[in-house]
Amino acid sequence: MINCELFTCDAATKKLYEKAKKERIDTVWDRALAMQPQCGFGEMGLCCTNCSMGPCRIVKVSDDGPKAGICGATEDTIASRNFARAVAAGSAAHSDHGRDIALALYHATGKIRVKDEEKLFKIAGEWGIAVEGKDASRIAREVAEKALSEFGKIFGKLLFLKRAPHKRQNLWDELGVAPEAIDREIVEVLHSTHMGSDADYRNIIRQAIRAALSDGWGGSMIGTELSDVLFGTPVPRKVEANLGVLKKECVNIVVHGHEPTLSEAIVMAARDPELLELAKKQGAEGINVVGMCCTGNEIAMRHGIPMAGDFFQQELAIVTGAVEAMIVDVQCIMPSLATVAKCYHTKLITTSPKAKVPGAIHMEFDEQKGLDIAKRIVKEAVMNFKNRKGEVYIPDVKSEGEIGYSLEAIIKILDRVTNSFAHPSGTVKPLVDAIKSGVLRGAVAIVGCNNHKQPHNSCHVTLAKELLRRDILVVTTGCGAHSCIKAGLMSKEARKYCGKGLATVCELLDIPPVLHMGSCVDISRILVLLSEVANYMGVDISDLPVAAAAPEWMSEKAQSIGLYAVASGIYVVLGVSPAVTGSENVTNYLTKDLESVLGGRFEIEKDPVKAAEKIAVHIENKRKRLGI
Ligand code: CUV
Ligand code: SF4
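Residues numbered from 1 in each chain as written. Chains lettered and ligands numbered in written order. Predicted model: local features only at pLDDT ≥ 70, side-chain atom pairs only at ≥ 80, totals over all residues. Heavy atoms only, no water.

Engineer: Describe the overall build of the chain, and please don't skip the residues or the numbers.
Structural biologist: A count of helical and extended segments in the chain gives 25 helices and 16 strands. For the chain, whose C-alpha radius of gyration is 24 Å, the value lies close to the compact-globule estimate of 25 Å for 628 residues. Once the C-alpha set of the chain is aligned to its principal axes, its extents read approximately 70 × 65 × 50 Å. Within the span of the chain, comprising 628 residues, buried residues form 64% of the whole. Pairs at least 24 residues apart make up 75% of the contacts formed inside the chain by residues separated by at least 6 positions. (Helix = DSSP H or I, 4+ residues; strand = E, 2+ residues; numbered from the N terminus. Rg over C-alpha atoms; globule rule 2.2 N^0.38 Å. Buried < 20%, exposed > 50% of the residue type's maximum accessible area, 1.4 Å probe, protein only. Contact = heavy atoms within 4.5 Å.)

Engineer: I'd love a proper account of the site of ligand 1, names of residues and values included.
Structural biologist: Residues in close proximity to ligand 1 include His258, Cys293, Cys294, Phe311, Cys332, Gly448, Cys449, Cys479, Cys520, Met554, Ser555 and Lys557, which together make up its full environment. Taken together, domain 2 (243–387) and domain 3 (406–626) each give at least three residues to the shell around ligand 1, which thus spans both. (Near = heavy atom within 4 Å. Domains from an automatic or database assignment.)

Engineer: Tell me about the UniProt feature "binding site: [4Fe-4S] cluster 2" (unreviewed entry) in the chain, and please be specific about residues and values.
Structural biologist: According to UniProt, the feature "binding site: [4Fe-4S] cluster 2" (unreviewed entry) maps to Cys48, Cys51, Cys56 and Cys71 in the numbering used here. For the residues just named, distributed over 24 residues, the greatest C-alpha separation is only 10.7 Å, placing them together at one site. Aside from chain neighbours lying at most four places away, what touches cysteine 48 is Pro55, Cys56, Ile78 and Arg81. Checked against the element boundaries, cysteine 71 lands in the loop between β2 (56–57) and α5 (75–108). Non-local contacts of cysteine 71, meaning those with residues more than four positions away in its chain, are made with Met53 and Met195. (UniProt positions renumbered as here; feature names shortened; annotations may be inferred.)

Engineer: Can you explain the UniProt feature "binding site: [4Fe-4S] cluster 1" (unreviewed entry) in the chain? Please cite residues and give values.
Structural biologist: The sites that UniProt annotates as "binding site: [4Fe-4S] cluster 1" (unreviewed entry) are Cys39 and Cys47. Owing to a relative accessible area of 48%, cysteine 39 belongs among the partly exposed residues under this scheme. Position of cysteine 47 relative to the elements: it lies in strand β1 (residues 47–48). For cysteine 47, a relative accessible area of 30% puts it in the partly exposed group. When residues no more than four places from it in sequence are discounted, the contact partners of cysteine 47 are Phe41, Gly42, Cys56, Arg57, Ile78 and Asn82.

Engineer: Outline the coordination of the nickel atom of ligand 1, listing residues and values.
Structural biologist: Between any two of four tetrahedral donors, the ideal angle at the metal is 109.5 degrees; between two of six octahedral donors, it is 90 or 180 degrees. Bound to the nickel atom of ligand 1 are the protein donor atoms His258 (NE2), Cys294 (SG) and Cys520 (SG), situated 2.3 to 2.6 Å from the metal. All donors to the nickel atom of ligand 1 come from one chain, and their sequence spacing reads H-x35-C-x225-C. Highlighted residues: histidine 258 in the loop between β4 (251–256) and α11 (260–269) and cysteine 294 in helix α13 (residues 293–303), separated in sequence by 36 residues. Here histidine 258 falls in the buried class, since its relative accessible area comes to 3%. (Donors = N, O, S within 2.8 Å, 3.2 Å for Na, K, Ca; no water.)

Engineer: Lay out the pairing of strand β10 (residues 399–403) with the relevant residues and their values.
Structural biologist: Here β10 lies mainly inside the structure; four of its five residues are buried. Note: strand β3 (residues 237–241) against β10, five bridges, orientation antiparallel. Note on β10: the bridge partner recorded for alanine 241 is serine 399. (Pairing = 2+ DSSP bridges.)

Engineer: Quick rundown of the site of ligand 2? Include the residues and the values.
Structural biologist: Neighbouring ligand 2 are the residues Cys48, Asn50, Cys51, Met53, Gly54, Cys56, Gly69, Ile70, Cys71, Ile78, Arg81 and Met195. Residues that form the shell around ligand 2 fall into these classes: eight nonpolar, three polar and one charged. (Nonpolar A, V, L, I, M, F, W, Y, C, P; charged D, E, K, R; others polar.)

Engineer: An account of the nonpolar core is needed here, citing residue identities and associated values.
Structural biologist: Generally speaking, a soluble globular protein has its nonpolar side chains buried in company with each other. The biggest cluster of nonpolar side chains holds 142 residues, and the ones touching the most others in it are Val143, Trp172, Ile209, Trp217, Leu226, Leu467 and Ile615. When near neighbours in sequence (up to four residues on either side) are disregarded, leucine 467 contacts Val444, Ile446, Ile472, Val474, Ala612 and Ile615. Formed by 42 residues, the second largest nonpolar core is a distinct cluster that contains Leu246, Cys293, Ala317 and Val357. (Core = buried A, V, L, I, M, F, W, Y, C linked by side-chain atoms within 4.5 Å.)

Engineer: Break down the pattern of salt bridges for me, with residues and values.
Structural biologist: Scanning all chains against the criterion turns up 51 salt bridges. Here aspartate 26 makes a salt bridge to lysine 21, at a shortest N to O gap of 3.7 Å. The structure contains a network of salt bridges with shared partners spanning Lys119, Lys122, Glu126, Arg163, Glu225, Asp228, Glu298, Arg302, Glu408, Asp522 and Arg525. (Salt bridge = Lys/Arg side-chain N within 4 Å of Asp/Glu carboxyl O.)

Engineer: Lay out the packing of helix α19 (residues 458–468) against helix α20 (residues 478–486) with the relevant residues and their values.
Structural biologist: α20 packs onto α19 with a crossing angle of 70° between their chain directions and a minimal axis gap of 9 Å. Taken together, the axes of α19 and α20 lie roughly perpendicular to each other. On α20, the residues that touch His460, Val461 and Ala464 of α19 are Cys479, Gly480, Ser483 and Cys484. Broken down by class, the residue content of the contact of α19 with α20 amounts to four nonpolar, three polar and no charged. (Axes fitted to C-alpha atoms, helices over the stretch in contact; angles between N-to-C directions. Parallel < 35°, antiparallel > 145°, perpendicular 65-115°, else oblique.)

Engineer: Provide a residue-level description of helix α18 (residues 429–437), including the pertinent values.
Structural biologist: Residues of α18 that are buried: Lys429, Pro430, Leu431, Val432, Ala434 and Ile435. Directly beyond the C-terminal end of α18, a positive phi value near 90° is found at glycine 438.

Engineer: Mind laying out the sheet that holds strand β14 (residues 546–550), listing which residues take part and the relevant values?
Structural biologist: The strand order β13-β12-β11-β14-β15-β16 describes an open sheet built from six strands, whose pairing is parallel. Each edge of the open sheet carries a strand with a single partner, namely β13 (514–518) and β16 (601–604). Across the sheet, the mean angle separating the axes of adjacent strands is 25° when strand polarity is ignored. Looking at chain direction, strand β15 (residues 571–574) and β16 are connected through four bridges and run parallel.

Engineer: Outline the packing of aromatic side chains, supporting the account with residue identities and numerical values.
Structural biologist: This structure, assessed with the given rule, holds nine aromatic pairs. Note on tryptophan 29 and phenylalanine 312: the rings are 5.1 Å apart at their centroids and 80° apart in plane angle, and the pair reads as edge-to-face. Within this pair, whereas tryptophan 29 is found in helix α3 (residues 28–34), its partner phenylalanine 312 is found in the loop between β6 (307–309) and α14 (314–319), the two being separated by 283 residues in sequence. Measuring from ring centre to ring centre gives 5.5 Å for tryptophan 172 and tryptophan 217, while their planes differ by 70°; the resulting arrangement is edge-to-face. Taken together, the residues span a long stretch of sequence, with tryptophan 172 in helix α8 (residues 166–175) and tryptophan 217 in helix α10 (residues 201–231) at a distance of 45 residues. Following the ring pairs from residue to residue traces out a cluster consisting of Phe7, Tyr17, Trp29, Phe311 and Phe312. Above the ring of phenylalanine 41, the side-chain terminus of arginine 57 is found at 5.6 Å from the ring centroid. Sitting over the ring of tyrosine 106, arginine 141 keeps its end group 4.2 Å from the ring centre. (Phe/Tyr/Trp six-rings, centres within 6.5 Å; stacked < 30°, edge-to-face > 60°. Lys NZ or Arg CZ within 6 Å of the ring centre and 35° of its normal.)

Engineer: Account for the environment of glutamate 556, with residues named and values stated.
Structural biologist: Its location among the elements puts glutamate 556 in helix α23 (residues 556–567). Under the relative-accessibility criterion, glutamate 556 is labelled partly exposed at 43%. Discounting residues that sit within four places of it in the chain, glutamate 556 has contacts with Ala86, Ala89 and Gly90.

Engineer: Which residues make up the domain arrangement of the chain, and what are the values?
Structural biologist: Quite often, the size of an interface is put as the accessible area lost when its parts meet. Annotation of the chain at the domain level lists domain 1 (75–231), domain 2 (243–387) and domain 3 (406–626). Here the C-alpha centroids of domain 1 and domain 2 sit 30 Å apart. Across the boundary between the two partners, domain 1 contributes 13 residues, which contact eleven residues of domain 2. Approximately 1,100 Å² of surface area, both sides summed, lies buried where domain 1 meets domain 2, with 53% of it carried by carbon and sulfur atoms. When the buried area of domain 1 at its contact with domain 2 is split by residue, His97, Asp100 and Phe231 rank highest and sum to 48% of it. Across the contact surface, domain 1 and domain 2 share three salt bridges. For the salt bridge of aspartate 96 with lysine 354, the shortest nitrogen-to-oxygen distance reads 3.0 Å. Taken together, domain 1 and domain 2 are joined by four residue pairs in polar contact (both at pLDDT 80 or more). Elements that contribute at least two residues to the side of domain 1 that touches domain 2 include exactly α5 and α10. Here the side of domain 1 that touches domain 2 takes eight residues from α5, the largest share from any one element. The residue inventory of the side of domain 1 that touches domain 2, partitioned by class, reads four nonpolar, five polar and four charged. (Buried area = accessible area lost by both parts, 1.4 Å probe. Polar contact = N/O pair within 3.5 Å; in protein donor to acceptor, adjacent residues only side chain to side chain.)

Shown next, in the form of structure tokens:
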């Protein structure tokens, strides 16, 4: 058995891991242990299966053994191709999510009122859609159509690229990396990395950059913006987090996955009086909906629904014995859930035609009949309450924090101080002033998943604390956000971790020092925020005293995010190395050379304390160059 003291800093996780062991349930950590030693070729990116002459692998550890694939592909070609394909898959996942939101908006028009008309009109304006004489529903349809055409339009660049600073847009044009249509960029990666196509690692990474940018400034941004239009732009609110939010006396429903279309409908359905009545008849006190992973972020940000846990807590939620249903859609859903659910009464319900799991119940969700299907799904959960068996144990571990910091919310907060000093409102001026004066040294985004190669949550949390004490503001999304809220970093009390400058800023603005900006697709919010700051200062994103970190990342989506951040001019510190280290050329290109081309680069640093030091040096260098 593994010593869980070492692999996580989260108390609820430790307690439920003990329960899992007692009940002979295998978790992600047990399977990781059984997987050791992991394949060195794969780890270094030196295994190729792109054609059936393979698999081929390059031997690095000794002089004997193949130094090229059967077709002659070198380590540089193989490693860069593998990396590019991972980026393309990540970009595909985010972008297809964005497309589904656009489709949801398209089909919703005329049936429901969109929640944020102001944002709808703003996007229509940006995209050159005439609004005069049209009602919101017609504009919504036109915006949805335009968004959908971003995926496959024949000519022209992505519309949202215009949100970037001019210098950045020009640089992308010069380098030939400005993406055209989202689907096409992803297809081109798959084509150029096909056996016998592109063999030049720099050119392979150039195409990967196009696919990545079409995620951050395309698919993800569409996902975020149209979700806001449909369901509302997040505003600050209090929320509880960690598995202690499950309630023994209630029907517990965990919504897990990514797309707010499903979770919004489940949240609504769970408030249905008839279903509540039914729950009471089953002996429950009520229906308790909680969110997991990025879906957890989405519904917490918009409805204050508790954040039950991160990627590594999904199995443990079921191990409580208190979950009547875990409802999932797409991405980051461990197939093991079906196996774990079998040992308890929990129903695992899949809802997307894109993600079925053997052993789960499939109840396909369809936005057009959203609420009806959601009610049927909730009913399944309610009727399952009386089937609880074995020990129900919900660890008494939860924390509270303030979340909901969309860009719009941040600007509103900044306006509070601007107005009092008679400055123009609606700008990032107070933030820029704080950075220029040095009260705030800079800002860092901590994002990404959990990975058994790093101690769970503790890398996110240690890194955040190390930055806070250096007067560096932290923004976060995804499972990084789950880590931070669980550790209490989104509460006012977290000011105790801050340096004097940051503490003052937080006090003045009445904000926590770690700002929750949403799910992984919402990293697009950070791109827009950085653009606003850069534009206000008349510089490029790459000039700003900022950085990004993904200390515990694991998914292909994270590789796409990392690359679009680098291509947007950001210094990105990864706690887990991408599978490219078998090629010195590719590794050097990503971690060194790219900086002179794009202004951003990767850094691999496993230790969060050292990562913070490196980030601080980077931020001070940027400040010096700006003359502040
Ligand atoms: Ni989309 S991608 S584990 S849920 S952050 Fe969480 Fe975020 Fe990584 Fe998945
Ligand atoms: Fe081997 Fe080349 Fe085929 Fe890859 S593409 S499997 S390196 S022969």
